[in-house]
Amino acid sequence: MKLRAEDTAALFIDFQERLVPAIADHEAIVKQAAILAQGLQELQVPIAFSQQYTKGLGETVPALREVVADFRYLEKTSFSCCDCAEIAAWIQSIGKKTILVCGVEAHICVMQTVIDLLEAGVQVFVVADCIGSRKPYDKEIGIKRMEKEGAYMTTCEGALFELTGGAKSPHFKTISKLVK
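Everything numeric in this text was worked out from a predicted model, so none of it was measured.

The rules behind the values
- Residues numbered from 1 in each chain as written.
- Predicted model: local features only at pLDDT ≥ 70, side-chain atom pairs only at ≥ 80, totals over all residues.
- Heavy atoms only, no water.
- Helix = DSSP H or I, 4+ residues; strand = E, 2+ residues; numbered from the N terminus.
- Rg over C-alpha atoms; globule rule 2.2 N^0.38 Å.
- Buried < 20%, exposed > 50% of the residue type's maximum accessible area, 1.4 Å probe, protein only.
- Phe/Tyr/Trp six-rings, centres within 6.5 Å; stacked < 30°, edge-to-face > 60°.
- Contact = heavy atoms within 4.5 Å.
- Salt bridge = Lys/Arg side-chain N within 4 Å of Asp/Glu carboxyl O.

### Quick word on the overall build of the chain
Now for step 1: A tally of helices and strands in the chain yields 8 helices and 6 strands.
Now for step 2: Reading the secondary structure of the chain in the N-to-C direction produces β-α-β-α-α-β-α-β-α-β-α-β-α-α.
Now for step 3: Relative to the compact-globule value of 16 Å for 180 residues, the chain shows a C-alpha radius of gyration of 15 Å, a close match.
Now for step 4: Each of the three principal axes of the chain carries a C-alpha extent, and together these read 45 × 30 × 30 Å.
Now for step 5: Put simply, the chain has 180 residues, and 48% of those count as buried.

### Overview of the packing of aromatic side chains
Now for step 1: Taken as a whole and assessed by the stated rule, the structure comprises 5 aromatic pairs.
Now for step 2: Look at Phe-125 and Tyr-152: their rings are 5.0 Å apart centre to centre, the planes differ by 25°, and that puts the pair in the stacked class. Here the residue Phe-125 occupies a position in strand 5 (residues 123-132), and Tyr-152 occupies one in strand 6 (residues 152-154), the gap between them amounting to 27 residues.
Now for step 3: Through pairs of rings, three or more aromatic residues link up here, namely Phe-12, Phe-15, Phe-49 and Phe-71.

### A look at unusual backbone geometry
Now for step 1: Of note, the bond from Val-104 into Glu-105 is cis; its omega dihedral lies within 30 degrees of zero at -15°.
Now for step 2: Mapped onto the elements, Glu-105 comes out in the loop between strand 4 (98-104) and helix 5 (106-119).
Now for step 3: The phi dihedral of Asp-25 is positive, around 60°, even though this residue is not glycine.
Now for step 4: Here Asp-25 is to be found in the loop between strand 1 (8-13) and helix 1 (26-42).
Now for step 5: For Asp-25, a relative accessible area of 57% gives the class exposed.

### Things to note about the environment of Ala-63
Now for step 1: Assignment of secondary structure puts Ala-63 in helix 3 (residues 62-65).
Now for step 2: C-alpha of Ala-63 to C-alpha of Ala-34: the two residues are 29 residues apart in sequence and 6.6 Å apart in space.
Now for step 3: Non-local contacts of Ala-63, meaning those with residues more than four positions away in its chain, are made with Val-30 and Ala-34.

### Focus on the pattern of salt bridges
Now for step 1: Using the criterion set out here, one finds 7 salt bridges in the structure.
Now for step 2: Between Lys-76 and Asp-14 there is a salt bridge; the shortest N-O distance is 3.0 Å. Residue Lys-76 is found in strand 3 (residues 73-76), and its partner Asp-14 is found in the loop between strand 1 and helix 1; the two are separated by 62 residues along the sequence.

### Topic: the environment of Ala-128
Now for step 1: Structurally, the position occupied by Ala-128 is in strand 5.
Now for step 2: On the basis of relative accessibility, which here comes to 19%, the residue Ala-128 falls in the buried class.
Now for step 3: Separated by 26 residues in the primary sequence, Ala-128 and Thr-154 have C-alpha atoms spaced 5.9 Å apart.
Now for step 4: Discounting chain neighbours no more than four positions away, the residues touching Ala-128 are Lys-139, Ile-143 and Thr-154.

Now the structure itself:
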């Protein structure tokens, strides 16, 4: 299974101001997620951001909001993004067969979304260095479960270069600069 930019969209789950600081290794995760968001924009891959109960957990962290042109989020109160009508409609409307998923927490909202996407027939790639949980063990178990359910694991750099396709791509230099 290979990632192709024309077949792919991305879902950034709950990178919120009151949640992210509690996540193990959150600075590195947010840094990688920002690189991923910038690279996906360069590659013209559609991106959606979810926010879980914004009133309680706050807005998407500035490190992500500030690197995304025309940033907007989709509000949810269920753990799985697929249980939110607005997010489900976005997934349906983009018509992509593959979705890259990143966010927090890996073993709750990310995992439940991934399982629902897989059950809906979507190919899912989880960007492992762009997901996190408060406890590293929960992240580890979440990854194992998502793999067992049929999700593919990748990294920010791996996904961006796979979507770029090669050194002859007009996006190669920009992507190379982002990941260095």
